[in-house]
Amino acid sequence: MDFLQTLTDDQTALLGCFVALTSAGLLMSLSYYLGHWNRTASNATHRLPQSQDRQNEQDRSSKAA
């Protein structure tokens with residue numbers, strides 16, 4: 001810890017910024033991979049498949065409105 005005592009204010013600020021950016025990057029990476037893992041684990045949906053004719057009718061009714 002004597003190393004930190006000998007640093008100038010500018011060097012301490014740069015070291016703090018480096019630590020902050022590194023930890024933010026690690027947190028973003030962890031969040032991305034955990035979110036991707038969670039999304040693939042719960043792949044079930046509650047929507048029922050619709051026929052193509054019904055989808056076309058809904059598209060036409062929404063365009064007419």
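Residues numbered from 1 in each chain as written. Predicted model: local features only at pLDDT ≥ 70, side-chain atom pairs only at ≥ 80, totals over all residues. Heavy atoms only, no water.

### A word on the overall build of the chain
This is how it is decided: Labels follow the DSSP assignment, with helices taken as runs of H or I lasting at least four residues and strands as runs of E lasting at least two, numbered in each case from the N terminus. Relative accessibility thresholds used throughout: buried, under 20% of the residue-type maximum; exposed, over 50%; partly exposed, between the two (1.4 Å probe, protein chains only). Only the protein chains shown count as cover for residues, and the accessible areas themselves come from Shrake-Rupley with a 1.4 Å probe.
Broken down by element type, the chain carries three helices and zero strands. Along its sequence from the N terminus, the chain presents helices and strands in the succession α-α-α. Classification of the 65 residues of the chain by burial places 2% in the buried group. Taken as a whole, the chain presents about 6600 Å² of accessible surface, with 60% of it coming from carbon and sulfur.

### Describing the packing of aromatic side chains
Filter applied, for reference: For this analysis, a ring pair means two rings from Phe, Tyr or Trp (six-membered ring only for Trp) whose centres lie within 6.5 Å, classed as stacked if their planes differ by under 30 degrees, edge-to-face if by over 60, and tilted for the remaining angles.
All chains considered together, the criterion is met by one aromatic pair. Plain terms: the ring middles of Tyr32 and Tyr33 are 5.1 Å apart, the flat faces sit at 75° to each other, and that makes the pair edge-to-face. Of the two residues examined, Tyr32 and Tyr33, each falls in the exposed class.

### A short note on the confidence of the model for the chain
A low pLDDT score tells you not to read the predicted coordinates there in detail. Rules: A residue's pLDDT is the predictor's confidence in that residue, given on a scale from 0 to 100.
Of all residues in the chain, 62% have pLDDT values of 70 or greater, and the mean over the chain is 80. Across the chain, the secondary-structure element scoring lowest on mean pLDDT is helix 3 (residues 52-64), at 65, and the one scoring highest is helix 2 (residues 9-41), at 91.

### Regarding a nonpolar patch on the surface
Condition: Distance thresholds for patches are 9 Å for like charges and 5 Å for nonpolar side chains (Val, Leu, Ile, Met, Phe, Trp, Tyr), applied to residues having over 30% relative accessible area and no salt bridge. Salt bridge, as used here: a side-chain nitrogen of Lys or Arg that lies within 4 Å of a carboxyl oxygen of Asp or Glu.
Taken together, the side chains of Met1, Phe3, Leu4, Leu15, Phe18 and Val19 make up a nonpolar region of the molecular surface, amounting to roughly 690 Å² of accessible area. At the level of elements, helix 1 (2-5) and helix 2 are the ones that each hand at least two residues to the nonpolar patch. Per-element tally for the nonpolar patch: the top contributor is helix 2, with three residues. Within the element layout of this structure, Leu4 appears in helix 1. Judged by relative accessible area, Leu4 falls into the partly exposed class, the value being 41%.

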